Amino acid sequence: MSGLFISFEGIDGVGKSTQIDLLEKHLGELGRKTLRSFEPGGTELGQEIRNMLLHRKGQLGARAEALLFAADRAHHSATKVKPALAEGTDVILDRYLDSSVAYQGAGRELDATEIRNLSLFAVQGLLPDLTILLDMDAAAALARRDKTGNTPDRLESEKVEFFEAVRQGYLQLAAAEPQRFFVVDATASVEEMAAVIRARVDELLN
Ligand code: TYD
């Protein structure tokens, strides 16, 4: 039987990694085998693409950027995600195709349908069973992110308006696919968020 496929989404700074840690732990306690990975960069080839996307100096057009994210995703899907699901392992991803629709579509103002189709081409149509969207106001998320003191990468250097557009893009996606999306208020406490996420995942498992 195929494993459960869960993706986490949200703008930078909403606390995805903490929630992924907690869900991974929960699934482990239930005795389930899980693979945790991320995009961009979940494979060796992906690391090179990630580096180009986030750290390479010089101009990178919106379409080239979208294609690099899609190339990363295609390789990740074919070499890690699909094989794991096929052997019954649950897969938890820190970002998946909705990141492209929100960031390259709403953020970079490319056509959202084209971006979605590009990603679907990359992964041969594989959608997650559940997508957990951690939602928070862009200014608040950026303030949290900036407290980490890390130097911002190419995408992180965007202004608050960009992230607000990305956030709205995500909310539209969630409204269009309410079955797949589970929207969580990311201003709630870590434990409160973890509890609602666990409850939603447990529903799918029963
Ligand atoms: P991420 O690895 O989540 O950031 P970090 O490790 O710095 O917390 O993602 C890197 C950036 O790439 C992030 O700003 C979101 C962006 N991104 C896209 O624009 N499109 C995509 O398809 C993906 C997967 C990420």
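One can find the structure itself at the top, above this paragraph.
Because the structure is predicted, anything quoted here is derived from the model rather than measured.

Student: Looking at this structure, how should I read the sheet that holds strand 5 (residues 181-185)?
Tutor: Sheets are built from strands paired through backbone hydrogen bonds, the pairs being either parallel or antiparallel. Strand order across the open sheet formed by 5 strands is 2-3-1-4-5, with parallel pairing between neighbours. On the outer flanks of this sheet lie strand 2 (34-38) and strand 5, each paired with one strand and no other. Neighbouring strand axes in the sheet, compared pairwise and without regard to direction, differ in orientation by 20° on average. Running over the sheet, helix 7 (residues 160-176) touches strand 1 (5-9), strand 4 (130-135) and strand 5 and is turned about 140° from strand 4.

Student: Looking at this model, I keep getting lost on helix 1 (residues 16-29). Mind explaining?
Tutor: In an α-helix, one full turn covers 3.6 residues, which means residues spaced three or four apart are oriented alike. Compared with the 20 Å implied by 1.5 Å per residue over 14 residues, the 20 Å span of helix 1 between its first and last C-alpha is a close match. Looking at helix 1, one finds that the buried residues are Lys-16, Gln-19, Ile-20, Leu-23, His-26 and Leu-27. The buried residues of helix 1 occupy one face: seen down the axis, they fall within an arc of 125°. Residues of helix 1 that are exposed and point over 90 degrees away from its buried face: Lys-25 and Glu-29. If you follow the buried residues of helix 1, they end up packed against strand 1, strand 2, strand 3 (90-94), strand 4 and helix 8 (190-205). The positive-phi residue at the C-terminal boundary of helix 1 is Gly-31, with phi of around 80°.

Rules of the game
Numbering of residues begins from 1 in every chain and follows the order in which that chain's sequence is written. Local features in a predicted model are, by the rule used here, given only for residues with pLDDT of at least 70; side-chain atom pairs are given and counted only at 80 or more, and totals for whole chains, interfaces and linings are based on all residues. With hydrogens and water excluded, all non-hydrogen atoms of the structure serve as input to the side-chain values. What makes two strands pair is DSSP finding at least two bridges between them. Helix and strand definitions follow DSSP, with helices as H or I runs of at least four residues and strands as E runs of at least two, each counted in order from the N terminus. Angles here are taken between N-to-C directions and fall from 0 to 180 degrees, while the axes themselves are lines fitted to C-alpha atoms, restricted in helices to the stretch in contact. Residue contacts are counted whenever heavy atoms from the two residues lie within 4.5 Å of one another. Multiply 1.5 Å by the residue count of a helix minus one, and that product is the helix's expected span. The classification of residues rests on relative accessible area computed with a 1.4 Å probe and restricted to protein chains. Under 20% of the type maximum is buried, over 50% is exposed, and intermediate values are partly exposed. For this quantity, the arc is that covered by the directions from the helix axis to the C-beta atoms.

Spatial relationships are all this shows, so hold off on functional conclusions.
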